[in-house]
Amino acid sequence: MSKNLVIVESPAKAKTIEKFLGKDFHVLASYGHVRDLVPKDGAVDTQHDFIMKYDLIERNQKHVQNIAKAARSAEALFLATDPDREGEAISWHLLELLKKRNVVKDKPVYRVVFHEITKRAITEAIQNPTTLSTDLINAQQARRALDYLVGFNLSPLLWKKIRRGLSAGRVQSPALRMIAERELEIEQFVTREYWTIEALAETNGQALNAKLTHFEGEKLEQFSIDNEQQAKQVQKTLIEKGDSRLLVAKVEKKQRKKYPAPPFITSTIQQEAARKLGFSTKKTMIVAQQLYEGIDIRGESTGLISYMRTDSVTLAQDALADIRQLIKSHFGSKDLPGQPRLFKTKSKNAQEAHEAIRPTSASRIPDSLKRHVSKDQYRLYDLIWKRTVACQMIHATIDTVAADLSCGEGNTFRATGSTVRTPGFMKVYQESHDNTKASDDQETILPPMQEGDLIDLKEVRPIQHFTEPPPRFSEASLVKTLEEYGIGRPSTYSSIISTLQQRSYVILEKKRFHPTDVGRIVNRFLTEHFNRYVDYSFTADLEDQLDAVARGEKQWIPLMQEFWDPFKALIDNKEESVQRSDVTQEPINEKCPECQSQLSIRLGRNGRFIGCTNFPECKYTRNLNDDKESAEPEIVEGRTCPKCNSGLVIKSGRYGKFIGCSGYPSCRHIEPLEKPVDTNVACPDCNKGNILKRKSRNNKIFFSCSTFPDCQYAIWNPPVDEKCPECEWPILTIKTTKRRGSEKVCPQKDCEYATPYEGDLAHGTTQSATH
């Protein structure tokens, strides 16, 4: 018996939808994209209206075969891929493959769109099908063609001019530029000293702090007091003028309203999950996809959130009614505004038919799902639920008070405080921000004061400060900046960041992006020779034009031609005019100490270094951060090479400093600069050696057996010579986390023994164990 065939991207989504639709429908998954451009030059024919040559993705061949087989006997075909440009393209590619196999014929083909995987939403979508959008398909084709043309023409140029294996992308390159330019700002930043003056006062037994704002009739700016001598003089004057008293000259009391943030869109959920949960953008989207596609709850699979790739802050009317009912029942009518709060979408291309990211049912409270979902799924769902509910709650009311305190004529301190009168939405959720220290929920209560009161001046304290460079980008702040500039789109932020890391253009240290040496060189090459194509405005304008194609306001082939002709001419020009040395060498104002030729910063296998431009005749080199004197090898006093009796010297390599033979390359003896430290704990694996404290190539401390490589037992945490009371493993380890503090734990994966530890952590590391 023939059935209607519904096609989606993922098997999890297919399983959930099939349960909703019943026996008349068969649901199959394409397992993502089914076609892509052929992986070779010429996949986009620039001479003939950018005709694109596609090929079936090999890993999905069997899935396409299954779909084709089912389509032959199906009564109708429903294309139910994701409701965005990429989902539209997957449906189109699949339909083209089915047409080639002659399995569609005169069967009706429908496009169905839904933004949540619930029975109601799926049933409504099937009952109200549409057709494929040619405009969305053309926009996606244009994006893919542009990315291909940039990659296949610019990347080989990087191979020739810098080194093999590099790549450049239409959107990743401006993102790299942001990170590299921020690093340059930090390096060029000149720190300035400045001082502030604080008063510690007391009234009615309650202390308060105040900051000096005016001195001798002049309003103080940031650098008005810029040295210790001046600060001490100001302090002395204030102490003399104040005579241990401050006069309350003015008290201002105000009340202000604070409104909730709008519900999540793709970019804001990536930012908040990074700030509040420590998730990477990639992890956020993976977990959100799982919540969207469906979780099994009490034997029934259902989607827990609406579609997570969206730039619209709109909420459907039935969702608003659901949320308002929950607020009324859980928090009371006092926290419910008279009317639903509506938010305006900022993005020019946001499709208002799309919704913000929200729970599919507000009544599905996070704690009720805890035992049905993973820890990460729970944390992200909890974040989405709270943000969505909070956005429809009453505003918070903040009482603020500011008091001007006179310390002699012309000298004024200001004390400020705030209290939350009614928390409103703040009792459920507050938005986080990057690089800020204070927030409204941190109350500062001032003691009651009236104008004309005299209060006790306890201390005048000068405080030294130094200006700080702009912070490096975190994942959250990079996504926010990309969005502000209009670079990329919600679905691309995660892949942009992943690509930069995979290409080793940037590294993430302490959750901040640092450009690598290769990333710096690539960025310098692109900004010097392809500045237009990594310009933020140009990239954003191109994104807007592609969005216009998606809206049917612009044709994609003329857009491609406008981009391609000048781009190809520039590629051809740079291939001839730019030499490899122009890119990989940066002359410095210094002569070679050995041959008096020019020195330059060069790019080597292990990063940048200083070398002679007369290479290979002159082989002088030194580390980039070494001065002339430190470039000379440091001799290890009182020791000789155990292999050839030559002197030993301290050298620098890819992984830092080490001891090596001065007879290199004839003798290749090396040893670590820091000797491993014996913990005096026997190895539990081989019972022959002791566990030594060592440093990895990346300067991370770990602990391993002294008989390595014969025994390869290794742990991250300091060992303790105690037997595990549960599994009787010969040793325990000291594990320290922010959440649980220091504990003695069993290093065996299948043993959960842990007990609080308050001893000496002299062995050193606090990282989690990894075997």
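1. Examining the overall build of the protein chain
Thinking step 1. Secondary structure assignment for the protein chain yields 18 helices and 35 strands.
Thinking step 2. Considering only C-alpha atoms, the protein chain reaches an extent of 95 × 85 × 70 Å along its principal axes.
Thinking step 3. Expressed as a percentage of its 771 residues, the buried residues of the protein chain come to 49%.
Thinking step 4. Long-range contacts, defined as pairs at least 24 residues apart, comprise 64% of the intrachain contacts of the protein chain with a sequence gap of at least 6.
Thinking step 5. Of the charged side chains in the protein chain, 112 are positive and 103 negative, and the gap between their average positions amounts to 4 Å.

2. What to know about the packing of helix 9 (residues 281-293) against helix 12 (residues 375-390)
Helix-helix packing is described using two parameters, namely the angle between the two axes and the distance between the axes.
Thinking step 1. Contact geometry of helix 9 with helix 12 gives a least axis separation of 10 Å together with a crossing angle of 90°. By the angle between their axes, helix 9 is roughly perpendicular relative to helix 12. Of helix 12, the residues touching helix 9 (which contributes Lys283, Thr284, Val287, Ala288, Gln290 and Leu291) are Asp376, Gln377, Leu380 and Tyr381.
Thinking step 2. Across the contact of helix 9 with helix 12, the residue classes tally to five nonpolar, three polar and two charged.

3. So, the sheet that holds strand 34 (residues 741-745)
Thinking step 1. Within the open sheet, the four strands sit side by side as 32-33-34-35. Their pairing is antiparallel. In the strand order of this sheet, the two ends are held by strand 32 (719-720) and strand 35 (754-756), each with one partner.

4. Structural notes on unusual backbone geometry
Thinking step 1. For the bond from Phe615 to Pro616, the omega torsion is 10°, close enough to zero to count as cis.
Thinking step 2. If you trace the backbone, Pro616 turns up in the loop between strand 22 (607-612) and strand 23 (621-623).
Thinking step 3. Along the chain, Phe708 connects to Pro709 via a cis peptide bond; the corresponding omega equals 10°.
Thinking step 4. Mapped onto the secondary structure, Pro709 falls in the loop between strand 30 (701-705) and strand 31 (714-715).
Thinking step 5. Located in the positive-phi region is Asn102, a residue other than glycine, with phi close to 60°.
Thinking step 6. With respect to the helices and strands, Asn102 occurs in the loop between helix 3 (85-100) and strand 8 (109-111).
Thinking step 7. Residue Asn102 is classed as partly exposed on the basis of its relative accessible area, which comes to 47%.
Thinking step 8. Non-glycine residue Lys511 carries a positive phi angle of around 65°.

5. Things to note about the pattern of salt bridges
Thinking step 1. Tallied over the full model, the rule gives 40 salt bridges.
Thinking step 2. When the shortest N-O distance is used, the salt bridge between Glu252 and Lys250 registers 3.4 Å.
Thinking step 3. Looking at Glu252, the relative accessible area reads 28%, which means it is partly exposed.
Thinking step 4. On the accessibility criterion, Lys250 (37% relative accessible area) is partly exposed.
Thinking step 5. Ionic pairing is found between Arg524 and Glu586, a salt bridge with its closest N-O pair at 4.0 Å. Residue Arg524 is located in helix 15 (residues 517-529), and its partner Glu586 is located in strand 20 (residues 585-591); the two are separated by 62 residues in the primary sequence.
Thinking step 6. We classify Glu586 as partly exposed; its relative accessible area is 30%.
Thinking step 7. Taken together, the shared-partner salt bridges in this structure form one network comprising Glu116, Arg120, Glu124, Asp318, Glu355 and Arg358.

6. Quick notes on the packing of helix 13 (residues 475-485) against helix 14 (residues 493-502)
Thinking step 1. Contact geometry of helix 13 with helix 14 gives a least axis separation of 11 Å together with a crossing angle of 120°. The angle between helix 13 and helix 14 falls in the class oblique. Helix 14 is crossed by helix 13, and the crossing has right-handed handedness. Between helix 13 and helix 14, the contacting residues are Glu475, Leu478, Val479, Leu482 and Glu483 on the first element and Tyr493, Ile496 and Ile497 on the second.
Thinking step 2. The residue inventory of the contact of helix 13 with helix 14, partitioned by class, reads six nonpolar, no polar and two charged.

7. Some words on the environment of Cys407
Thinking step 1. The residue Cys407 is located in the loop between strand 15 (396-406) and strand 16 (412-422) in this model.
Thinking step 2. A sequence separation of 145 residues divides Cys407 from Gly552, and the C-alpha atoms of the two residues are 68 Å apart.
Thinking step 3. Beyond its immediate sequence surroundings of up to four residues, Cys407 is in contact with Leu238, Lys241, Gly242, Leu246, Phe413 and Leu457.

8. Overview of the nonpolar core
Thinking step 1. Among the nonpolar cores identified, the biggest contains 64 residues, and Leu154, Ile162, Tyr505, Val522 and Phe525 are the most heavily contacted of them.
Thinking step 2. Broken down by secondary-structure element, the contributors of at least two residues to this core are helix 5 (134-161), helix 6 (172-188), helix 13, helix 14, helix 15, helix 16 (536-550) and helix 17 (556-577).
Thinking step 3. When residues of this core are assigned to their parent elements, the largest contribution, 12 residues, is made by helix 5.
Thinking step 4. Look past the residues within four positions of Tyr505 in its chain and what remains in contact with it is Leu158, Leu166, Ser167, Gln172, Leu176, Leu500, His514, Pro515, Thr516, Val518, Gly519 and Val522.

9. Structural notes on the sheet that holds strand 1 (residues 4-8)
Thinking step 1. One open sheet accounts for four strands, arranged 2-1-7-8; its pairing is parallel. In this open sheet, the two strands that pair with only one neighbour each are strand 2 (25-29) and strand 8. Strand-to-strand, the axes of this sheet are offset by a mean angle of 25°, without reference to chain direction.
Thinking step 2. In the sheet, strand 1 pairs with strand 7 (residues 77-79) via three bridges, with the strands oriented parallel. Its bridge partner lying in strand 7, Leu5 is registered against Leu77.
Thinking step 3. The strands touched by helix 1 (residues 11-21) within the sheet are strand 1 and strand 2, with strand 2 carrying the most contacts at an inclination of about 175°.

10. Notes on the pairing of strand 1
Thinking step 1. Taken across its five residues, strand 1 has five buried, putting it largely inside the fold.
Thinking step 2. The side-chain alternation of strand 1 yields two buried faces, one formed by Asn4, Val6 and Val8 and the other by Leu5 and Ile7.
Thinking step 3. In terms of strand pairing, strand 1 meets strand 2 through five bridges, oriented parallel. Considered in strand 2, the bridge of Val6 is made with Val27.
Thinking step 4. Taken together, strand 1, helix 1 and strand 2 form a β-α-β motif whose crossover is right-handed.

Calculation notes
Residues numbered from 1 in each chain as written. Predicted model: local features only at pLDDT ≥ 70, side-chain atom pairs only at ≥ 80, totals over all residues. Heavy atoms only, no water. Helix = DSSP H or I, 4+ residues; strand = E, 2+ residues; numbered from the N terminus. Buried < 20%, exposed > 50% of the residue type's maximum accessible area, 1.4 Å probe, protein only. Contact = heavy atoms within 4.5 Å. Lys, Arg positive; Asp, Glu negative; His and termini not counted. Charge placed at Lys NZ, Arg CZ, Asp CG, Glu CD. Axes fitted to C-alpha atoms, helices over the stretch in contact; angles between N-to-C directions. Parallel < 35°, antiparallel > 145°, perpendicular 65-115°, else oblique. Nonpolar A, V, L, I, M, F, W, Y, C, P; charged D, E, K, R; others polar. Pairing = 2+ DSSP bridges. Salt bridge = Lys/Arg side-chain N within 4 Å of Asp/Glu carboxyl O. Left-handed = near helix turned anticlockwise from the far one by under 90°. Core = buried A, V, L, I, M, F, W, Y, C linked by side-chain atoms within 4.5 Å. Right-handed = clockwise from strand over helix to strand, strands pointing away.

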